[in-house]
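Here is how the chains run, residue by residue.
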Amino acid sequence: MLKPLMAGNWKMNTTIRTGADLVLKLRDLLKGVEDVDIVIAPPFTSIYHLSHLVADSRIKLAGQNMSWEKNGAYTGEVSAEMLLDAGCRHVIIGHSERREYFKESDSDVNKKTLAALRGGLRPIICVGERLEEKESGNTLQTVKRQVTGALDKLRPGAVKEITIAYEPVWAIGTGKVASPQEAEEVHIAIRELLFEMFGPDVKDVRIIYGGSVKPDNIDSLMAQPNIDGALVGGASLKAEDFARIVGFKPA
Ligand code: PGA
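What comes next concerns the included structure.

Parameters and conventions
- Residues numbered from 1 in each chain as written.
- Predicted model: local features only at pLDDT ≥ 70, side-chain atom pairs only at ≥ 80, totals over all residues.
- Heavy atoms only, no water.
- Pairing = 2+ DSSP bridges.
- Helix = DSSP H or I, 4+ residues; strand = E, 2+ residues; numbered from the N terminus.
- Axes fitted to C-alpha atoms, helices over the stretch in contact; angles between N-to-C directions.
- Contact = heavy atoms within 4.5 Å.
- Near = heavy atom within 4 Å.
- Polar contact = N/O pair within 3.5 Å; in protein donor to acceptor, adjacent residues only side chain to side chain.
- Areas by Shrake-Rupley, 256 points an atom, 1.4 Å probe, with all protein chains shown as cover.
- Parallel < 35°, antiparallel > 145°, perpendicular 65-115°, else oblique.
- Left-handed = near helix turned anticlockwise from the far one by under 90°.
- Nonpolar A, V, L, I, M, F, W, Y, C, P; charged D, E, K, R; others polar.

1. Observations regarding the sheet that holds strand β5 (residues 122-127)
Next up, step 1: The strand order around the closed barrel built from eight strands is β1-β2-β3-β4-β5-β6-β7-β8, with neighbouring strands paired in parallel fashion. Averaged over all neighbouring strand pairs, the angle between strand axes comes to 25°, with direction disregarded.
Next up, step 2: Sheet topology places strand β1 (residues 5-9) next to strand β8 (residues 229-232); four bridges connect them, and they run parallel. Pairing of M6 across the sheet is with A230, part of β8.
Next up, step 3: Strand contacts of helix α7 (residues 139-150): β5 and β6 (163-166), with the helix running at about 155° to β5, the strand carrying the most contacts.
Next up, step 4: Each of β1, β2 (37-41) and β8 is contacted by helix α10 (residues 239-246), which is oriented at about 160° to β1, the strand it contacts most.

What follows is the structure, encoded as structure tokens:
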């Protein structure tokens, strides 16, 4: 079994002060936890401040998005170098909210993934089908297209640095979670596709699940052999809930 990765995506929530309160609580609650990689993705404006608060803890920081450009006249964008400089080691790429509200395409996700890796960040690449795609039986087709698109032109050696987050769009923020078996089936398909694309190196690639992960469903999700962690939105804003998720109890 791979070391689980539990990531909290704070989205456009928290200020520097409320984010610091959350991190301090989390640090306390997570003290005894070992053998789990823990990542939080606060808003850009809080990252540098929080980097000091997590410095001597197991918590690592992620950006929620980044530019594929290195630097220059791109008003409003943030580069890999800036995220690294502020204290991030990871970056979330291609979240469904970015795809839906900001029209990010598979090719944008690909450019960002390559730029993150070039810049020394570990991308957490989000894929997942919309409700219409699920209802028309196109879940696997959609997810495979997104994974193939995101990883185009990736050096085989670099695949070890990535994480794939399978997040069915209909499950995000809706309280509807994919059943552990439904998620497992997609995770297996992603793993097989990665193997076809990159060969045996992909055995170390974590495929994590996201979409209404909560303290009361994490144990059954993590009981699936191909679910290697979780990307958590709403429940990551409550220290006790996120700590319970990180400290999941394998069934
Ligand atoms: P949710 O969000 O846990 O609130 O459903 C998950 C995500 O968007 O990553």
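From this point, the narrative continues.
2. A short note on the site of the ligand
Next up, step 1: The environment of the ligand is made up of 13 residues, and the closest members are K11, H95, E167, G173 and S212.
Next up, step 2: Measuring from an oxygen atom of the ligand, one finds a side-chain N or O atom of K11 at 2.7 Å.
Next up, step 3: At 2.6 Å, a side-chain N or O of E167 approaches an oxygen atom of the ligand.
Next up, step 4: Notes on the ligand: free accessible area 280 Å², of which the protein chains cover 97%.

3. Here we look at the packing of helix α1 (residues 16-29) against helix α2 (residues 44-54)
Two quantities define a packed helix pair, namely the angle between the axes and the distance from one axis to the other.
Next up, step 1: Two elements in contact, α1 and α2, have axes whose closest approach is 10 Å; the angle formed by their N-to-C orientations is 30°. Taken together, the axes of α1 and α2 are roughly parallel relative to one another. Note that α1 runs across α2; the crossing there is right-handed. Along its contact with α1, which presents I16, G19, A20, V23, L24 and R27, the element α2 presents T45, S46, H49, L50, L53 and V54.
Next up, step 2: Tallied by class, the residues present in the contact of α1 with α2 amount to seven nonpolar, four polar and one charged.

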